[in-house]
Structures are given as C-alpha cells and as structure tokens.
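# Coordinate inspection notes
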Amino acid sequence: NAGVTQTPKFRILKIGQSMTLQCTQDMNHNYMYWYRQDPGMGLKLIYYSVGAGITDKGEVPNGYNVSRSTTEDFPLRLELAAPSQTSVYFCASSWKPPGDTGELFFGEGSRLTVL
Amino acid sequence: AQSVTQPDIHITVSEGASLELRCNYSYGATPYLFWYVQSPGQGLQLLLKYFSGDTLVQGIKGFEAEFKRSQSSFNLRKPSVHWSDAAEYFCAVGVGDYKLSFGAGTTVTVRA
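Keep in mind that what you see is a predicted model, and the values were worked out from it rather than measured. (Residues numbered from 1 in each chain as written. Chains lettered and ligands numbered in written order. Predicted model: local features only at pLDDT ≥ 70, side-chain atom pairs only at ≥ 80, totals over all residues. Heavy atoms only, no water.)

Interface size is often expressed as the accessible area that is lost when the parts come together. Across the boundary between the two partners, chain A contributes 25 residues, which contact 21 residues of chain B. Buried surface at the junction of chain A and chain B, both sides included, amounts to about 1,800 Å², of which 59% is carbon and sulfur. Viewed at the interface, chain B and chain A are joined by zero salt bridges. At the boundary of chain A with chain B, the tally comes to two residue pairs in polar contact (both at pLDDT 80 or more). Mapped onto the side of chain A that touches chain B, the elements with two or more residues apiece are β4 (31-38) and β5 (42-51) of chain A. (Contact = heavy atoms within 4.5 Å. Buried area = accessible area lost by both parts, 1.4 Å probe. Salt bridge = Lys/Arg side-chain N within 4 Å of Asp/Glu carboxyl O. Polar contact = N/O pair within 3.5 Å; in protein donor to acceptor, adjacent residues only side chain to side chain. Helix = DSSP H or I, 4+ residues; strand = E, 2+ residues; numbered from the N terminus.)

Here it is as structure tokens:
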C-alpha cells in the first residue's frame, strides 16, 4: 500500500518558471490537502479539496493553483515561481476531515528551491 | 484568531530519560488536538489525538498527552525516551472541519 505519493522529491526552479507538484493517494480518501513547511513556522495550508471537482483556499493560496479531477490525484501548480515559494511542500489525505476524527496521512514531501 | 504555541524550539534529552513537550493553544471553542511526529526526511505521522472524553490520551510509540482546559494546554509526554524518538514534533489544533493549525514544532535530540 503506497499511501500518499509525491513527485518530484527535489526541484530547483528559476524565478518566473512554472511547475506542477504531483500528489496521488491510493486510499480512496475524499479529503486532500497541500501544506508548505518553512523553518520555525510549522505547516501552513495552501489548498484543500473535499472531493473530486471541489477545491478551496487555505491560509496561503497566493501564487498557487490546484485541481481535483479524480479522487486519487491532487496536483499543485506554481505559476511564475518566486523565491518566497522556496519551501518543503507536503500533500496529505484523510478519510474524514480533521474536525471529524480525521487523521491526515502525509507524503514524504517535495523540496522546492527557487533561485 | 486561533493559534498554537510550542514554546520549546529544541530539546535535548538523554536516552532513557523522560520527555515532555509543551503545547498551548488559543481557540474559542473546545478544540480538536493532535500531536504529529516528523522523522528526518519523512512526512508527518499522527502520534495521538484528543476530541472529547478522558483528558489523558494514549498514542503510538509509548507517547501520551494530557488536555488541560484551564491551562489551554496539550502537553506530550514519554516516560523513557529511545534514540529513535529523535524527530520534530508538531502540535496541531483542528480549526473548523477542514483545517489544522500547526505549531512551529519542537526538535528533539536524544543523546546516548
């Protein structure tokens, strides 16, 4: 059982480039999330989805876009990369939302550097 | 606004010694509370959670946490630390249905 799989694990971008972080889960979870982790800041929610075709903004959505065409996949798109987007990105999924006993299952993270 | 504070950025503990990690939250209602652990190069894993009922909750890997409403705290404890417990620990508060608010994390170093 693979759980939550993120690709790529590492990426270096130049300012202004675009890229997509891929996230796939094989647990048939309805809820999926993208977080970014910065040193000393904990994790901040970028976007989340409560099911295929439904997405919503989190705390720090600016500069990012998401889509959810299938239950399994929740890609995060970075348009016009900026140095402020240098971070470690985590995708997570859950069977139920956190407020309803929902445990989040995390991927191993994608480390992105924008130069 | 809701917030989660982990006062200790870094804790060093000897193997076999006890460990306590502090977590304080600011939230208007009774929160849902979680502790997650992140081993180096890995994603986060749930250690334990509190929703209601008994204020002392048991988790995986021998960890426990106590919810104290009067102190707005949810401290994590382990009686005897193993070298494999070296990791970063995050306290989180459930904010509404879909969002978790995470603390900044506490890094635990275990010395032999």
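From this point, things continue past the structure.
Turning our eyes to something else, we now look at the pairing of strand β11 (residues 99-102) of chain B. Residues and elements named next belong to chain B. With four bridges connecting them, strand β10 (residues 87-95) and β11 associate as antiparallel partners. By the bridge assignment, A92 is partnered in β11 with F102. Between the antiparallel neighbours β10 and β11 lie three residues, among them G96 with a positive phi of about 70°. (Pairing = 2+ DSSP bridges.)

With that settled, the discussion passes to the pattern of salt bridges. Residues and elements named next belong to chain B. For the coordinates displayed, the defined rule picks out seven salt bridges over all chains. Residue R77 pairs with E64 through a salt bridge whose shortest N-O separation is 3.3 Å. One end of the pair, R77, is in strand β9 (residues 73-78); the other, E64, is in strand β8 (residues 64-68), and 13 residues separate them in sequence. Classification of R77 as partly exposed rests on a relative accessible area of 23%. (Buried < 20%, exposed > 50% of the residue type's maximum accessible area, 1.4 Å probe, protein only.)

Residues and elements named next belong to chain B. Positionally, D54 belongs in the loop between β6 (44-50) and β7 (56-58). Remark: the alpha-carbon pair of D54 and V4, spanning 50 residues in sequence, is separated by 21 Å. Of the polar contacts made by the side chain of D54, one reaches the backbone nitrogen of L56; its length is 3.1 Å.

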